[in-house]
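Observations on chain architecture
Given next are the chains, with one letter for each unit.
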Amino acid sequence: MMTVLTPAASRILDDWQRDLPLRSRPFAVMAERSGLSEDEVLAELAGMQANGTIARVGATVRPNTVGVSTLAALAVPDLRVEEVAALVGQEPGVNHSYLREHDWNLWFVATAPDAEELAATLARIEARSGLPVLNLPLRRAFNIDLGFALEGPRHAMQQDAAPDISVIEPRDKALLHRLTRGLQIVECPFAVLAEQLGRSEEEVLDRIAVLSAARIITRIGVIVRHRALGWRSNAMVTWNLPDARIEAAGKALLGHPGVTLCYERRRIPGIWEYPLFCMIHAKSRSEALQILETAAALPELAGATHQVLFSIRCFKQTGAMIV
């Protein structure tokens with residue numbers, strides 16, 4: 001069932017999917033700028049989190065900066081989908097899991113503090129399911145910030161700046177882990193976070209600002225569950241073209257309205273020949289296919305074959321595991 005938003009909730013989601021104010025009382029600042037009261041903002045956010053409209057108020061972290069991650073898939077027989085999805089979801093490092101229309105039908109993102117633990121997670125899934133894992137680590141991100149306007153015309157994405165990992169300090173991992181799990185929806189969430197970490201609120205706010213400027217934190221704000229808001233025709237599109245053309249094609253997709261994510265992943269000759277990925281989020285299949293048709297006509301994608309993997313079901317959506 002699609003969630004119907006109140007006018008106040010719509011304003012919050014339109015205005016605050018990113019750039020959460022780094023102030024002691026961020027929700028008061030949000031309220032002032034959105035023409036609401038602080039109590040209204042707190043109540044709307046708490047309600048949306050309770051009913052599943054939003055995943056959290058928190059951060060997304062650039063993959064492979066303070067931890068490691070990969071996109072993986074399994075080819076699961078229809079009669080085993082529920083069973084295998086459940087065992088994949090039991091892994092604490094799996095933060096996203098979707099059923100998609102393809103022979104490789106169960107797709108998931110696995111995260112871990114280091115490469116050894118990530119490999120162990122994939123090995124456990126392979127052993128418990130009895131199915132081979134298709135492992136497609138990220139090679140290049142054109143834009144991986146899934147935050148877009150829910151109303152009005154579709155806009156092109158901007159290419160994200162490269163992260164500056166030199167700013168990372170040892171204690172940042174614990175901070176980032178809690179931010180990916182979500183802030184408490186209270187008047188002073190950063191004070192609560194600071195107390196949990198044994199740090200001062202000022203220090204926590206300073207570190208978040210540094211990590212955001214360095215593009216380690218790619219977004220801090222309200223993390224939306226798009227399917228709950230009617231965005232149910234979401235397609236992962238994968239493209240097969242020579243390595244030398246991937247950069248130009250990725251940048252072209254990045255600038256195409258309606259494309260919501262774009263990145264390059266590992267190519268596995270003879271098994272997976274589609275290294276360029278993009279996502280299209282839409283409210284209907286016809287809308288998604290129209291966006292895809294115009295994207296496929298881009299000169300940079302001339303002659304490229306593609307696969308369209310529509311999402312059928314979301315099994316899991318949480319923040320990444322960093323520690």
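Since we're looking at a predicted model, the values are computed, not measured.

Cut-offs used in this document
- Counting from 1, residues in each chain are numbered in the order their sequence is written.
- Residue-level local features of this predicted model are given only where pLDDT is at least 70; pairs of side-chain atoms are given and counted only at 80 or more, and the full residue set underlies all totals for whole chains, interfaces and linings.
- Where side-chain values are given, they derive from all heavy atoms of the structure, hydrogens and water being excluded.
- Secondary structure elements follow DSSP: runs of H or I of four or more residues count as helices, runs of E of two or more count as strands, with numbering from the N terminus.
- For a helix, the expected span equals 1.5 Å multiplied by the number of residues minus one.
- Three labels apply to residues, based on accessible area from a 1.4 Å probe with only protein chains included: buried if under 20% of the type maximum, exposed if over 50%, partly exposed otherwise in between.
- Read the arc as the range of directions from the helix axis to the C-beta atoms.
- To define a nonpolar core, start from buried Ala, Val, Leu, Ile, Met, Phe, Trp, Tyr and Cys residues and group those joined through side-chain atoms within 4.5 Å.
- Should any heavy atoms of two residues lie within 4.5 Å, those residues are considered in contact.
- At least two DSSP bridges between two strands are needed for those strands to be called paired.
- Axis angles are defined between N-to-C directions and span 0 to 180 degrees, where every axis is a line fitted to C-alpha atoms and, for a helix, only to the segment in contact.

1. Considering helix H5 (residues 115-129)
The first and last C-alpha atoms of H5 sit 21 Å apart over 15 residues, in line with the 21 Å expected at 1.5 Å per residue. Within the span of H5, buried status applies to Leu 118, Thr 121, Leu 122, Ile 125 and Ser 129. Each buried residue of H5 lies within a common arc of 90 degrees when the element is viewed along its axis, so the set occupies one face. Turned more than 90 degrees away from the buried face of H5 sit Glu 116 and Ala 127, all of them exposed. Looking at the residues trailing H5, positive phi occurs at Gly 130, about 70 degrees.

2. Notes on the nonpolar core
Among the nonpolar cores identified, the biggest contains 41 residues, and Leu 45 and Leu 179 are the most heavily contacted of them. Secondary structure elements with two or more residues in this core: helix H1 (7-15), helix H2 (26-34), helix H3 (38-50), strand E1 (54-61), helix H6 (172-181), helix H7 (189-197), helix H8 (201-213) and strand E7 (217-224). In this structure, Val 237, Ala 288, Ile 291 and Phe 310 belong to the second largest nonpolar core, which totals 25 residues.

3. A few points about the environment of Asp 164
Relative to the helices and strands, Asp 164 is located in the loop between strand E6 (138-143) and H6. Residue class for Asp 164 comes out partly exposed when judged on its relative accessible area of 36%. When the C-alpha atoms of Asp 164 and Asp 114 are compared, they prove to be 19 Å apart, with 50 residues separating the residues in sequence. Every residue in contact with Asp 164, bar those within four places of it in the chain, is listed here: Ala 214 and Ile 216.

4. A few points about unusual backbone geometry
Its identity as a non-glycine residue notwithstanding, Asp 19 has a phi of 60 degrees, on the positive side. Of note, Arg 215 is a non-glycine position whose phi angle comes to about 65 degrees, a positive value. Tracing the backbone through its elements, the reader meets Arg 215 in the loop between H8 and E7.

5. Observations regarding the sheet that holds strand E10 (residues 276-280)
Taking strand neighbours across the sheet as the criterion, the nine strands line up as E5-E2-E4-E3-E11-E8-E10-E9-E6 in an open arrangement whose pairing is antiparallel. In this open sheet, the two strands that pair with only one neighbour each are strand E5 (134-136) and E6. Between one strand axis and the next, the sheet turns by 30 degrees as a mean value, whatever way the strands run. Pairing analysis gives three bridges linking strand E2 (residues 68-74) to E5, with the strands arranged antiparallel.

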